[in-house]
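Take a look at the letters that make up each chain.
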Amino acid sequence: MDKANRKSSARAPIKLGELNYTPVLIALAVVLLTIVVLFLWKRKKTVRSAVLFTGLCDSGKTYLFAHLCLGGARETFTSIKENVGSFKTERGRVLKMVDVPGNERLRGKFFDEYKNIAKAIVYMIDSVTVQKDIRDVADFLYTILVDKATSKVPVVVLCNKQDETLAKTETAIKSMLEKEINIVRQTRRSQLQSVDNSSSSDTFLGKSASVDFEFEQLGQRVRFVPCSAMEEQFAGLTKFLDTL
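The shown structure was predicted, so the numbers you read here are calculated from the model rather than taken from an experiment. (Residues numbered from 1 in each chain as written. Predicted model: local features only at pLDDT ≥ 70, side-chain atom pairs only at ≥ 80, totals over all residues. Heavy atoms only, no water.)

1. Some points on the nonpolar core
L177 and F215 are the most contacted members of the largest nonpolar core, which totals 39 residues. Elements with a minimum of two residues in this core: β1 (50-55), α4 (107-114), β4 (118-126), α5 (134-146), β5 (155-160), α6 (170-196) and β6 (222-226). Examining the composition of this core, we find that 9 residues originate from one element, α5, more than from any other. Ignoring any residue separated from it by four or fewer positions in sequence, one finds F215 in contact with L141, L145, K174, L177, E178, I181, V222 and F224. In terms of nonpolar packing, the next biggest core, distinct from the first, is built from 23 residues, V51, C69, V122 and L237 among them. (Core = buried A, V, L, I, M, F, W, Y, C linked by side-chain atoms within 4.5 Å. Buried < 20%, exposed > 50% of the residue type's maximum accessible area, 1.4 Å probe, protein only. Helix = DSSP H or I, 4+ residues; strand = E, 2+ residues; numbered from the N terminus. Contact = heavy atoms within 4.5 Å.)

This is the structure in C-alpha cells:
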C-alpha cells in the first residue's frame, strides 16, 4: 500500500497552462480556412453579372447588341456563337452583355451555359413576324421562364421593329403569348405524363391548368417594352438596364 501511495504522489499534476494546444489550433484554422475558401468559390461561381439577349433568329438581337456595346450599328449575320460585350448605364455601372444565338439548334446550349450568371434577360421579338412564328416564340420564352436558374430573374420582352407598318403592338403581343403559352404548357404537361405518368411543377407556368395563363401570375416581373433598333428607339430598355 505504501509503495502504491508513493507512486501516486510521484506523479506531478498536469496544469492546463502546460498543455500544448498548437495541433488543435492548427486543425481548427485549417477547417475554418477550408470553409471560407469553399464559400468564396461558390459565391464567385454563382454570381449573377450578365444581361442575356435571347430570342429567335432575325429578331434584331445582334443589331441592338452592337448598338449598345459598340456604340453604333453594324452589319450583322445569324450568330453561330455568343457575342460578349459591355454596356455602361447612365448611372455609370458597367454591365456584361451576352448575345445568345437564336438558331434553334444552338440557343438551348448557349442559354444553359450562361443562365446561372444571368442578372436579367432581354427577350427580343420581331413584332412584324410574331404572329407567324408565335409557337416558336412562346416555346422558347416558356423554356426561359420555367427554368429554375432564371425563374426569379427580371425579364424584358422587347418588341422590336415598331417602326414598321405591320408591327404588332406590345399589348397585342403580350395577349398572343398568353394564349399560346396556354397551349405550350398543356403540351409539355401531356408529354411529361406520357413519360412518367405524373405532372411536375418544373414544367408548368401559372396558377393551375384550369386557369388561363397570364404573366401577372408569375413570381418574377415580365415587362413588355416597344422598341425599334433600326431607328435607335430603345429608351425603355436602357432605363431598365439603369435599374440593375
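Additional details are given in the paragraphs that follow.
2. Details of α5
Here α5 spans 18 Å end to end across 13 residues, near enough to the 18 Å set by a 1.5 Å rise per residue. Buried within α5 we find I134, V137, A138, F140, L141, Y142, I144, L145 and V146. (Expected span 1.5 Å × (residues − 1).)

3. Topic: the packing of aromatic side chains
Across all of its chains, the model carries 4 aromatic pairs by this definition. Measuring from centroid to centroid gives 5.0 Å for F215 and F224, while their planes differ by 65 degrees, and the two rings are edge-to-face. By relative accessible area, F224 is classed as buried at 15%. Aromatic ring contacts, followed pair by pair, group F213, F215 and F224 into a single cluster. (Phe/Tyr/Trp six-rings, centres within 6.5 Å; stacked < 30°, edge-to-face > 60°.)

4. With respect to the sheet that holds β1
If you walk across this open sheet you meet the 6 strands as β2-β3-β1-β4-β5-β6, and the pairing is mixed. Looking along the sheet, the strands with just one partner apiece sit at the ends: β2 (83-88) and β6. Taken over all neighbouring pairs, the strand axes of this sheet differ in orientation by 25 degrees on average, direction set aside. Here β2 pairs with strand β3 (residues 94-99) via 6 bridges, running antiparallel. (Pairing = 2+ DSSP bridges. Axes fitted to C-alpha atoms, helices over the stretch in contact; angles between N-to-C directions.)

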